[in-house]
Amino acid sequence: MGRIYLPTDLAFMMKRTGIISAVHQELAAVLDCLPDEQRQCAGGRDFWVGHWHGHDVVAVLSRIGKVAAATTATALIERFGVDRIVFTGAAGGIGDGLRVGDVVVASSFVQHDMDASPLFARHEVPLYGQARFDTDATLSNALANAARAVLAHPGRTLGADALAAFNLHAPLVHVGLIASGDRFVATQAESAALRCALPDALAVEMEGAAVAQVCHDYGVPFAALRTISDRADDGAYIDFTRFIDQVASRYSVAVLEAYFNP
Ligand code: ADE
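Residues numbered from 1 in each chain as written. Predicted model: local features only at pLDDT ≥ 70, side-chain atom pairs only at ≥ 80, totals over all residues. Heavy atoms only, no water.

Participant: What is the right way to look at the overall build of the protein chain in this model?
Facilitator: In terms of regular secondary structure, the protein chain is built from 8 helices and 10 strands. Whereas a compact globule of 262 residues would reach a radius of gyration of roughly 18 Å, the protein chain reaches 18 Å, a difference of no more than 12%. Its C-alpha atoms give the protein chain principal-axis dimensions of roughly 60 × 45 × 30 Å. Here the protein chain holds 262 residues, and the buried ones make up 53% of them. In the protein chain, the proportion of contacts linking residues at least 24 apart, taken out of those at least 6 apart, comes to 78%. Between the mean site of the 20 positive side-chain charges and the mean site of the 29 negative ones, the protein chain shows a separation of 2 Å. (Helix = DSSP H or I, 4+ residues; strand = E, 2+ residues; numbered from the N terminus. Rg over C-alpha atoms; globule rule 2.2 N^0.38 Å. Buried < 20%, exposed > 50% of the residue type's maximum accessible area, 1.4 Å probe, protein only. Contact = heavy atoms within 4.5 Å. Lys, Arg positive; Asp, Glu negative; His and termini not counted. Charge placed at Lys NZ, Arg CZ, Asp CG, Glu CD.)

Next comes the structure, spelled out in structure tokens:
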């Protein structure tokens, strides 16, 4: 028998979701889940308009860094009329207890490289009166619940070989602050400095705070999910591409799958 949809399901499905990936492998994994995507170009990017379990989605590769991410988010809102944005990708873990293979759902973002002192406090975005931009609580909660369901059985998503290859055991979902900056953090000294400047930051990446600021400006709900690929130290680049292929992309797709088809 066909699935029966409630009015709340239909309202959820009628909203258009923008899905941003920062790297090609992630976008490719997302596009594999859309049976009907159509390409549209804007701002030097390909936007893929399609459906995921009947949900209207627009998937796009932002490329890497805050400016690329802000341009992408703005085009999603202005040109494609998305009602919410979800960002998926990888991040370096800087918080205590975060391990490679864990997942972080952002509750807020800060730009760790924003510093207009002494005119404004360190990290404060000038003329906004704030350093931190919250994600949408409802959307983030739904994403975190979907992530918990996926990570309860990581072998189903990754397979035993990937679990063994990356030495992943009982991965956890964390919710908290993510710090973004235009730098791949790959030294012990830099991650220690970040921990000192932002003691409650769980992870570091290169796009989320820019999307959070754009979404704040437009009043569009935003959530972000990042798989910890490294500890932002001297070994951060080792196996990065293989990790994205075999772990982060698979988690992202499995979590979005659980989110769109609970
Ligand atoms: N994305 C994944 N790992 C990262 C790191 N160490 N620094 C910045 N962005 C990242």
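Participant: Can you walk me through the site of the ligand in this structure?
Facilitator: Looking at the ligand, there are 13 residues lining it, with Gly-92, Phe-184, Val-185, Glu-205 and Asp-230 nearest. In this structure, a nitrogen atom belonging to the ligand sits 3.3 Å away from a main-chain N or O atom of Gly-92. Between the ligand and the protein, one listed contact pairs a nitrogen atom with a side-chain N or O atom of Asp-230 at 2.6 Å. Contact with the protein chains hides 96% of the accessible area of the ligand, taken as 260 Å² for the molecule alone. Of all the elements in the fold, those that place two or more residues in the shell around the ligand are strand S5 (84-93), strand S9 (201-205) and strand S10 (222-230). In terms of residue count, S5 provides more of the shell around the ligand than any other element does, 3 residues in total. Of the residues belonging to the shell around the ligand, the class tally is 8 nonpolar, 2 polar and 3 charged. (Near = heavy atom within 4 Å. Polar contact = N/O pair within 3.5 Å; in protein donor to acceptor, adjacent residues only side chain to side chain. Areas by Shrake-Rupley, 256 points an atom, 1.4 Å probe, with all protein chains shown as cover. Nonpolar A, V, L, I, M, F, W, Y, C, P; charged D, E, K, R; others polar.)

Participant: For this particular structure, what's the right way to read helix H5 (residues 154-165)?
Facilitator: For an α-helix, 3.6 residues make a turn, and residues three or four places apart therefore share a direction. When the terminal C-alpha atoms of H5 are compared, their 13 Å separation across 12 residues is substantially less than the 16 Å that a helix rising 1.5 Å per residue should span. Looking only at H5, the buried set comprises Pro-154, Leu-158, Ala-162 and Leu-163. One side of H5 holds all its buried residues, which, seen down the axis, span an arc of 120°. Summarising the geometry of H5, the exposed residues directed more than 90 degrees from the buried face are Arg-156, Ala-160, Asp-161 and Ala-164. Here the buried face of H5 lies against helix H4 (137-151) and helix H8 (240-260). Positive backbone phi, at 55°, marks Asn-167, one or two positions downstream of H5. (Expected span 1.5 Å × (residues − 1). Arc of directions from axis to C-beta.)

Participant: Whenever I open this one, the packing of aromatic side chains confuses me. Can you help?
Facilitator: The description of an aromatic ring pair rests on the distance of the ring centres and on the angle between the ring planes. As enumerated under the stated definition, the model contains 7 aromatic pairs in all. Centroid distance Phe-166 to Phe-243: 5.3 Å. Interplanar angle 90°. Geometry classified as edge-to-face. Taken together, the residues Phe-166 in the loop between H5 and strand S8 (173-180) and Phe-243 in helix H8 connect sequence positions 77 residues apart. Assigned by exposure class, Phe-166 and Phe-243 land together as buried. Clustering of aromatic rings is evident, with ring pairs tying together Trp-52, Tyr-259 and Phe-260. (Phe/Tyr/Trp six-rings, centres within 6.5 Å; stacked < 30°, edge-to-face > 60°.)

Participant: What should I look at first to understand the pairing of strand S1 (residues 17-21) in this one?
Facilitator: Successive side chains on a regular strand alternate, one facing one side of the sheet and the next facing the other. Counting buried positions along S1 yields 5 of 5 residues, so the element is predominantly enclosed. By the alternation rule, side chains of S1 split into Thr-17, Ile-19 and Ser-21 and Gly-18 and Ile-20, which are all buried. As paired strands, S1 and strand S4 (residues 55-61) are joined by 5 bridges and run parallel to one another. Bridge assignment links Thr-17 to a residue of S4, and that residue is Val-57. (Pairing = 2+ DSSP bridges.)

Read these as geometric descriptors, not functional statements.
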